[in-house]
Each structure stands twice: as C-alpha cells, then as structure tokens.
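# Coordinate inspection notes
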Amino acid sequence: MKKKVSRRSFLRKATLGSAALTTAPIIISASPYEQKILLDRTYEPLAFSANDQIQIGLIGSGIQGIYDTTAALKVNGVKLVAVCDLYDGRLDRAKELWGNDLFTTRDYRALLARKDIDAVIVATPDHWHQKITIDAMKAGKAVYCEKPMVKNFVEGHDIIKTQKETGNICQVGSQGMASLGNEKAKQLYEEGAIGEIVMLDMYNDRYSAEGAWQYPIPPDANPNTIDFDTFLGSAPKQPYELKRFFRWRNYQDYGTGVAGDLFVHAFSTLNHVISSQGPNRALATGGLRYWNDGRDVPDVTITLYDYPKTDTHAAFNAAFRINFIAGSGGGGGFRLIGTEGEMEIGQNSVTLKRSKLGMVPGGYSMIAYTEATQQKIKEDYAAKNLESRASSLETGTTIWEAPGNYKGGHYDHFHNFFQAIRAKGNIIQDGTFGLRAAGAALLANESYFNKRPVNWDPKEMKII
Ligand SMILES: NC(=O)c1ccc[n+]([C@@H]2O[C@H](COP(=O)([O-])OP(=O)(O)OC[C@H]3O[C@@H](n4cnc5c(N)ncnc54)[C@H](O)[C@@H]3O)[C@@H](O)[C@H]2O)c1
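Rules of the game
- Residues numbered from 1 in each chain as written.
- Predicted model: local features only at pLDDT ≥ 70, side-chain atom pairs only at ≥ 80, totals over all residues.
- Helix = DSSP H or I, 4+ residues; strand = E, 2+ residues; numbered from the N terminus.
- Rg over C-alpha atoms; globule rule 2.2 N^0.38 Å.
- Buried ≥ 20, exposed ≤ 12 C-beta atoms within 10 Å, placed from the backbone.
- Near = placed C-beta within 6 Å.
- Nonpolar A, V, L, I, M, F, W, Y, C, P; charged D, E, K, R; others polar.
- Domains from an automatic or database assignment.
- Pairing = 2+ DSSP bridges.
- Contact = placed C-beta atoms within 7 Å.
- Axes fitted to C-alpha atoms, helices over the stretch in contact; angles between N-to-C directions.
- pLDDT = per-residue confidence, 0-100.
- Parallel < 35°, antiparallel > 145°, perpendicular 65-115°, else oblique.
- Left-handed = near helix turned anticlockwise from the far one by under 90°.
- Core = buried A, V, L, I, M, F, W, Y, C linked by C-beta atoms within 7 Å.

### Describing the overall build of the chain
In terms of regular secondary structure, the chain is built from 13 helices and 20 strands. The C-alpha atoms of the chain give 24 Å as radius of gyration, which agrees with the globular expectation for 464 residues (23 Å, within 12%).

### Regarding helix H6 (residues 180-190)
Of all the 11 residues making up H6, 10 are buried; the element is thus mostly covered by neighbouring parts of the structure. Taken as a whole, H6 has its buried residues at Leu 180, Gly 181, Asn 182, Glu 183, Lys 184, Ala 185, Lys 186, Leu 188, Tyr 189 and Glu 190. Positioned one or two residues after H6, Gly 192 has a phi angle of 85 degrees, which is positive.

### A closer look at the site of the ligand
With respect to spatial proximity, 26 residues lie near the ligand, and among them Gly 60, Gly 62, Ile 63, Gln 64 and Glu 146 are the closest. Looking at the shell around the ligand, the elements with two or more residues in it are helix H1 (63-72) and helix H7 (228-232). Looking at the shell around the ligand, the element that brings in the most residues is H1, giving 3 residues. Of the residues belonging to the shell around the ligand, the class tally is 10 nonpolar, 10 polar and 6 charged. Both domain 1 (6-43 + 178-403 + 429-463) and domain 2 (54-176) contribute no fewer than three residues apiece to the shell around the ligand.

### Remarks on the sheet that holds strand S13 (residues 300-307)
The 12 strands are arranged S2-S3-S18-S17-S16-S15-S11-S14-S13-S12-S19-S20 in an open sheet whose pairing can be described as mixed. Here the strands that pair on one side only, and so sit at the sheet edges, are strand S2 (26-30) and strand S20 (462-463). Helix-sheet contacts for helix H9 (residues 257-273) involve strand S11 (197-205), S13, strand S14 (316-323), strand S15 (331-338) and strand S16 (341-345), and the interaxial angle to S14 is about 150 degrees.

### Quick word on helix H4 (residues 129-138)
Among the 10 residues that make up H4, 7 are buried, leaving the element largely enclosed by the rest of the structure. For H4, the complete set of buried residues consists of His 129, Gln 130, Ile 132, Thr 133, Ile 134, Ala 136 and Met 137. Looking at the buried side of H4, the elements it contacts are strand S5 (54-59), helix H3 (108-112), strand S8 (119-122), strand S9 (142-145), helix H5 (156-166) and strand S10 (170-172). Two residues or fewer after H4 comes Gly 140, characterised by a positive phi angle close to 90 degrees.

### Concerning the environment of Thr 398
With respect to the secondary-structure elements, Thr 398 resides in strand S18 (residues 397-401). The sequence separation of Thr 398 and Val 150 amounts to 248 residues, and the corresponding C-alpha distance is 38 Å.

### Thoughts on the sheet that holds S8
Taken in spatial order, the 6 strands make up an open sheet running S7-S6-S5-S8-S9-S10, and their pairing is parallel. Edge positions in the sheet fall to strand S7 (103-105) and S10, since each has one partner strand and no second. Taken pair by pair, the neighbouring strands of this sheet meet at an average axis angle of 20 degrees, ignoring direction. Here S9 runs beside S10; their pairing, made up of 3 bridges, is parallel. Bridge pairing in S10 places Val 143 opposite Cys 170.

### A look at the confidence of the model for the chain
Looking at the chain, the pLDDT average stands at 92 and 92% of residues meet or exceed 70. Of the regions scoring below 50 in pLDDT, residues 1-17 engages in 31 contacts with residues more than four places distant in sequence or in other chains.

### Brief notes about unusual backbone geometry
Of the consecutive residues Lys 147 and Pro 148, the connecting peptide bond is found in the cis state with omega at -10 degrees. If you trace the backbone, Pro 148 turns up in the loop between S9 and H5. Positive phi values are uncommon outside glycine, yet Trp 213 reaches one of about 70 degrees. In this fold, Trp 213 is placed in the loop between S11 and H7. Judged by C-beta crowding, with 22 C-beta atoms within 10 Å, Trp 213 ranks as buried. The phi torsion at Met 461 lies on the positive side, around 60 degrees, for a residue other than glycine. By the element assignment, Met 461 lies in the loop between strand S19 (454-457) and S20.

### With respect to the packing of H9 against helix H13 (residues 431-450)
With their axes 8 Å apart at the nearest point, H9 and H13 run at an angle of 135 degrees to one another. Between H9 and H13, the crossing angle belongs to the class labelled oblique. Crossing angle aside, the handedness with which H9 passes H13 is right-handed. In this structure, H9 contributes Gly 257, Ala 259, Gly 260, Phe 263, Val 264, Phe 267, Ser 268 and Asn 271 to the contact, and H13 contributes Arg 436, Ala 437, Ala 438, Ala 440, Ala 441, Leu 442, Ala 444 and Asn 445. Among the residues forming the contact of H9 with H13, the class breakdown is 10 nonpolar, 5 polar and 1 charged.

### Quick notes on the nonpolar core
One recurring pattern in soluble globular proteins is that nonpolar side chains are buried together. Counting 99 residues, the largest nonpolar core has Ile 56, Ile 59, Val 143, Phe 263 and Ala 441 as its most contacted members. The element contributing the most residues to this core is H13, with 10 residues. Lining this core are residues from two domains, each supplying at least three of them: domain 1 (6-43 + 178-403 + 429-463) and domain 2 (54-176). With near-sequence residues (within four places) excluded, Ile 56 lies in contact with Ala 72, Val 78, Leu 80, Ile 117, Asp 118, Ala 119, Val 120 and Ile 121. The next biggest cluster of nonpolar side chains, apart from the first, holds 8 residues, and it includes Leu 86, Tyr 87, Ile 226 and Phe 231.

### Looking at the pairing of S19
What you see with S19 is a clean split: Val 454 and Trp 456 sit on the buried side and Asn 455 and Asp 457 on the side with no burial. Two elements, strand S12 (residues 281-287) and S19, share 2 bridges in a ladder whose sense is antiparallel. Counterpart to Arg 281 in the pairing with S19 is Asn 455. When S19 meets S20, the two strands line up antiparallel, connected through 2 bridges. Directly across from Asp 457, in S20, lies its bridge partner Lys 462. A loop of 4 residues connects S19 with S20, the two strands running antiparallel in sequence, and Met 461 in this loop sits at a positive phi of about 60 degrees.

### Quick word on the packing of H6 against H9
With their axes 9 Å apart at the nearest point, H6 and H9 run at an angle of 35 degrees to one another. Facing H6, whose interface residues are Asn 182, Ala 185, Lys 186 and Tyr 189, H9 presents Thr 269, His 272 and Val 273. Grouping the amino acids of the contact of H6 with H9 by side-chain chemistry returns 3 nonpolar, 3 polar and 1 charged.

Here is the structure:
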C-alpha cells in the first residue's frame, strides 16, 4: 500500500487513550481478490479496588437507556444504583433487569442529589438533554449524554461552558466512533489509503414500522402511570397524548428527526476519521410521504453537505440519504471515497478497495478513429507513462474484521468514559466534539424546514 500522505503529519495518534489497536495483523484469509485481516485491541486495565466502584444512575430508562446501561455494566468496577423515568412501567422494568435494590424515582433531581452517585447516563428524549446534562455536571456528576447532544445547536454552548466551569466529564453518546472499525478507518485514512477524500456516501433504509419509529404503546400507559407534564418540559404545552410520549421522535417539539437520530452518528465517525470540524453548508430536501400518523418530520430525505478544504482533508461533498418507506432489503452504508480508493466503514469492520483514476482511454472513445490513429494514440499514452485504472495499485479488496468476541463500540465508548473518570484522562467525544457533530446534523433540519441552503461556521459552531 502507498505510504503516508506527508502533509498529514500533524494528525493525532490514531488510537484511543485507553484502548489501542493491536499492531501485528493476523491474516484470516487471502485470495488474489480479497484478503481478510483480524482487527483487535488491547485495553489499558481499569485499576480499581473493591470499595472503589464507580456508581452510576440512569436518567431515561427507555430503549437506549437499557442498551447504554447494559454496555456500561460490562466495564469492570461499575455499579448501577439508581434509575429515573417518567413512566412507572419503565421503573418496574429497571428493577426486573437490575434488581429490587435500585433507588427509583420520577424526579431526576432526586437522583442527582444522591451523594453515592459518581456518574449519570442521560438517555431521555432530545429536548431534555441540555438541562439534565448541565444540572448533572453542576451536581458534581460525570455525564454520559446520549446523542444528539442537544435538540438545537444554540443549546450546546452552555454545555461546553458548564463542562469547563465545573471541570466535570461529559461524554456524548455516538458510540460507533469508539469502535474498532472506526479506529482502523482513521488509521488507514491517515496512512493515505484512499488518497485525498472526494466524497462521502451515507444512506439508511428502514422498511418497517419500528424502523420508522412507530414504537409500541403499552396497555397500562395512562395519566397515573405517566408524568406527561414533566415529559413536555420546555416544549409547548399539549393535552396528554400517548403517541407524543412514546413516539416523541416523530415530533419537532421533542426530537430532531433523522438528522439528530441518524446523521449525527455519521458526523461523529466522519469528523473523527478525517480529523475535521465539520461541513460549512447544507441543503436538505425530502418530505413526509407515507407515515401520516400525526408526525411532523420527513420520512424521506436527501441532504447534501459541503466540507471545505482544511489541513486534514481536501474539499469534498457528502450525501446523506434516508428512506423510511419502501425498497428491497434495507440497511445502511457509509462509504468514504478518495482519489486512490474507497472505504466502507462500520463498527466491526472496514472494507478497503484501492483504485486510481484511469487516464488511458478504452474502446468507447477510440471507435471513431482509424486503426492506425488508435495505434498512434496508444503509443502516445504509453510514452507518457499514464496509468489505466488500478494499474499501479493493489487490486482486490482488503477487509479488516473484529473478532467474534469483540465487545463492541458501545463497550469501548463506556470504557473510555470510565477510564477518564478514574484517571482524569481524555474523553474522545466531549461537548465540543458532540456539538460539532450535532450542529452539522441539525443543519439538515434548518435547511429542510426553512427550504433554503444553510451556511455553518464549524469552528465557532454557529449558523452564518
Ligand atoms: N446512541 C445510539 O445509538 C442511540 C440509539 C437510540 C436512541 N438514542 C438516543 O437516546 C435517547 C433516548 O432514546 P430512546 O429510544 O431510548 O427513547 P425512549 O422513549 O425509549 O426512552 C426515553 C425515556 O426517557 C424518559 N423520560 C422522558 N423525559 C424524562 C425526564 N425529564 N426525566 C426522566 N426520564 C424522562 C421516558 O419516560 C422514556 O422512558 C434519545 O436522545 C435518542 O436520540 C441513541
């Protein structure tokens, strides 16, 4: 493989503070067309004693709160002591999963007031992230705040300010960025494996009611088992409505649509892999075409982003496409395309295909010349030493794959969080990183709802 693009010498080390990619590659399989290499990682051990547990509380014990807590509890020396939620059924479920000793409450302030809690996971709907995250840091807690860090980008600056003022840790929860696949992609990019970046192609196709956020509503949900007024929080007052409570993503008052739900993960990965602060322009189109269930966010969208040239990457364009309606198959993709190849980046794998711009014409344009002229043209190209496609690069595909027992990006993200708490080490997705990812994603909403392109200052994190 061609070696390092020299001007990238400034780049950060391609490893996490507390976990590093192993250096000696193990080839799993190889053929002339494809080789597979095992990805693996060594972890810095988390030093702790029996009475030195990190005690955590969960605020928002819904779907992601459960996935988060499950991942967090896999890290050594972590104990869950309290859970807060606004629906009694979720507090019952928390006890079912983690034991009857848990302290449970509907009031997150009661959880924050507990001195035995070191850190909290904030996994509420988006419109509550900023207030709870700030209150938690002010109460002396380390915070793992789910993505998108904020519902509106202007809210993010106060999180960053509070983080600086309190000195407390705030990790934002786009866990994929901490994964082996993302880390390997960063390393490959920095080595120049795809040359200069030209384009990012991201898509997510979800052809089911659940994929389109039509989550089930439990039969015991009623005004007594749910605190609907607290759920509304700073959002406009509304009469009690179960759909809003359980399918909050579908409403701009509480969620951020596909931008905050899905784009933000892609921006976290992209900004991490290419060490970027983000795009400077967005243009979104789309519509609400099928899921007319009361929602006010689109179910199909295409958003285009411009990334300006920086020290770490060339100017390029990114296309994000979401389809919640129909097609065959479904699934997602994240393909980074450069002048010398492309990478499909996942959490558990990276697939690299190397190629180069073909400069020598094929049969298509030669057909209109006489045989003698064709021969002359071929000789001229050969004399100039121009390459046809892939002639100077390895052909075939290289796949780096995580082992079957890999604990996953979610574990790695929490490992980094707890390591930072114990050793006061670096957080890989702090408030500033989180706002750059969320801000870029939320530009899609600004553009879509205002029906115009939006310019963004990625350094200062504000709309121009
Ligand atoms: N990182 C990821 O891959 C990922 C995946 C899914 C969701 N998320 C994020 O996680 C968050 C939660 O999403 P979800 O799918 O779990 O939603 P959910 O509706 O399943 O869970 C949210 C829970 O928060 C509770 N809640 C609401 N307001 C509260 C408040 N003020 N105090 C305490 N509890 C409150 C609700 O009762 C509900 O149980 C969202 O911000 C979402 O974007 C992240």
